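Close look at the chain arrangement
The lines below spell out each chain.
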Amino acid sequence: MEEPQRRIRAAHSESTITVYQAYSPDIGLPAVRDGRFPAVWKRDRMTWIKPSFLWMMYRCGWGAKAGQETVLAVEITRDGFEWALRHSCLSSYAREVHPDRATWQRQLKRAPTRVQWDPERDLHLQPLPYRSLQLGLSGEAAGRYADEWTVAIRDVTPLAQEIQVLVSGGDLDSAAGLLPRERPYPIGDDLLAHLCG
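Report follows, based on the coordinates. (Residues numbered from 1 in each chain as written. Predicted model: local features only at pLDDT ≥ 70, side-chain atom pairs only at ≥ 80, totals over all residues. Heavy atoms only, no water.)

**Comments concerning the overall build of the protein chain**
Across its full length, the protein chain holds eight helices and nine strands. Radius of gyration (C-alpha) of the protein chain: 17 Å, near the 16 Å computed for a compact globule of 197 residues. Considering only C-alpha atoms, the protein chain reaches an extent of 50 × 45 × 35 Å along its principal axes. Considering the protein chain as a whole, with its 197 residues, one finds that 47% of them fall into the buried category. Of the accessible surface of the protein chain, which amounts to about 10100 Å², a share of 48% is contributed by carbon and sulfur atoms. When the 25 positive and 25 negative side-chain charges of the protein chain are each reduced to one mean point, those points stand 7 Å apart. (Helix = DSSP H or I, 4+ residues; strand = E, 2+ residues; numbered from the N terminus. Rg over C-alpha atoms; globule rule 2.2 N^0.38 Å. Buried < 20%, exposed > 50% of the residue type's maximum accessible area, 1.4 Å probe, protein only. Areas by Shrake-Rupley, 256 points an atom, 1.4 Å probe, with all protein chains shown as cover. Lys, Arg positive; Asp, Glu negative; His and termini not counted. Charge placed at Lys NZ, Arg CZ, Asp CG, Glu CD.)

In structure tokens form, the structure reads like this:
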């Protein structure tokens with residue numbers, strides 16, 4: 001079956017969804033140890049969460065990029081994730097959604113969450129013809145993410161490295177078998193229209 005141009009694909013349960021981030025060890029390791037982000041994690045900056053494991057691997061270079069050596073799987077509540085979706089604004093102007101550019105800019109300034117759609121990636125981290133969601137959280141959304149929505153934080157850096165070794169060795173079947181099981185995330189048509197334009 002052909003993938004739609006935009007879809008949220010994620011590992012999720014009845015009550016949680018897993019998103020990915022990558023940080024330097026001074027943030028990532030305490031976050032894993034304590035199950036919450038440490039004091040050095042900046043609440044006043046926008047933080048981007050990604051439901052797609054492979055998009056995160058593309059962004060952090062399998063955990064090899066400076067400042068992104070610790071890859072985290074952050075399990076958050078679906079209620080929190082859906083709050084973020086409902087309070088979001090597209091990160092770029094879309095004529096079919098916004099009456100004009102000035103209106104979009106006002107919405108963007110007020111919204112605690114930004115939606116961005118980026119090409120999904122394959123095991124070689126090459127772009128695929130369909131897109132996956134990134135959510136930028138700022139202000140109220142970043143605070144809720146850290147204090148209310150986070151259920152668990154796991155270090156998946158070893159998993160990332162294991163998959164990369166298999167991909168480098170040409171064993172794509174084994175690599176694919178280790179990927180987190182990401183399925184379409186169920187959202188209503190009205191919310192999807194809000195997110196996609």
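Let us keep going from here.
**What about helix H4 (residues 101-110)?**
By the burial criterion, the buried members of H4 are Thr103, Trp104 and Leu108. Seen end-on, H4 carries its buried residues on one side only, within an arc spanning 135°. Turned more than 90 degrees from where H4 packs its buried face, Lys109 and Arg110 sit exposed. In this fold, the buried residues of H4 make contact with strand E5 (88-90) and strand E6 (113-121). (Arc of directions from axis to C-beta. Contact = heavy atoms within 4.5 Å.)

**Quick look at the pairing of strand E4 (residues 70-77)**
Consecutive side chains along a regular strand alternate between the two faces of the sheet. The element E4 is extensively covered by neighbouring structure, given that six of its eight residues are classed as buried. Sheet analysis places strand E2 (residues 16-23) next to E4, joined by eight bridges and oriented antiparallel. Along E4, the bridge assignment pairs glutamine 21 with leucine 72. Relative to strand E8 (residues 150-155), E4 runs antiparallel, the two sharing five bridges. (Pairing = 2+ DSSP bridges.)

**Examining the pattern of salt bridges**
Side-chain pairs of opposite charge can arise whenever the charged atoms involved come near each other. In this structure the tally under the stated criterion is seven salt bridges. One salt bridge in this structure joins glutamate 82 and arginine 78, with 3.9 Å as the shortest N-O distance. With glutamate 82 and arginine 78 both in helix H3 (residues 78-86) and four residues apart, this pair spans about one turn of that helix. Overall, the relative accessible area of 16% leaves arginine 78 in the buried class. Salt bridges linked by common partners bring Glu3, Arg7 and Arg9 together as one network. (Salt bridge = Lys/Arg side-chain N within 4 Å of Asp/Glu carboxyl O.)

**Some remarks on the sheet that holds E8**
Strand order in the open sheet formed by three strands is E2-E4-E8, with antiparallel pairing between adjacent strands. Looking at strand neighbours, the two that pair on one side only are E2 and E8, the edges of this open sheet. Across the sheet, the mean angle from the axis of one strand to that of its neighbour is 25°, orientation sign disregarded. Each of E2, E4 and E8 touches helix H1 (residues 25-34); the most contacted strand, E4, lies at about 45° to it. Each of E2 and E4 is contacted by helix H2 (residues 53-60), which is oriented at about 10° to E2, the strand it contacts most. (Axes fitted to C-alpha atoms, helices over the stretch in contact; angles between N-to-C directions.)

**Details of the side chain of glutamine 21**
Locating glutamine 21 in the fold gives a position in strand E2. A distance of 3.1 Å separates polar atoms of two side chains, one belonging to glutamine 21 and the other to tyrosine 23. Discounting residues that sit within four places of it in the chain, glutamine 21 has contacts with Phe37, Thr47, Trp48, Ile49, Met56, Thr70, Val71, Leu72 and Tyr145. (Polar contact = N/O pair within 3.5 Å; in protein donor to acceptor, adjacent residues only side chain to side chain.)

**A word on the pairing of E6**
Here E5 pairs with E6 via three bridges, running parallel. Looking at E6, one finds that serine 88 is bridged to threonine 113. Alignment of E6 against strand E7 (residues 127-137), held across eight bridges, turns out to be antiparallel. Bridged to arginine 114 within E7 is glycine 136. Connecting the antiparallel pair E6 and E7 is a turn made up of five residues, with leucine 125 showing a positive phi of about 65°.

**Re the nonpolar core**
The biggest cluster of nonpolar side chains holds 34 residues, and the ones touching the most others in it are Phe37, Ile76, Phe81, Leu135 and Tyr145. For this core, the elements supplying multiple residues, two or more each, are E2, H1, E4, H3, E6, E7, helix H5 (139-149) and helix H8 (189-196). Broken down by element, the residue count for this core peaks at five residues, all from H5. Apart from the residues lying within four places of it in its own chain, the contact partners of isoleucine 76 are Ser15, Thr16, Ile17, Val19, Ile49, Phe81, Tyr145, Trp149, Thr150 and Val151. In this structure, Phe53, Leu54, Leu123 and Val167 belong to the second largest nonpolar core, which totals 17 residues. (Core = buried A, V, L, I, M, F, W, Y, C linked by side-chain atoms within 4.5 Å.)

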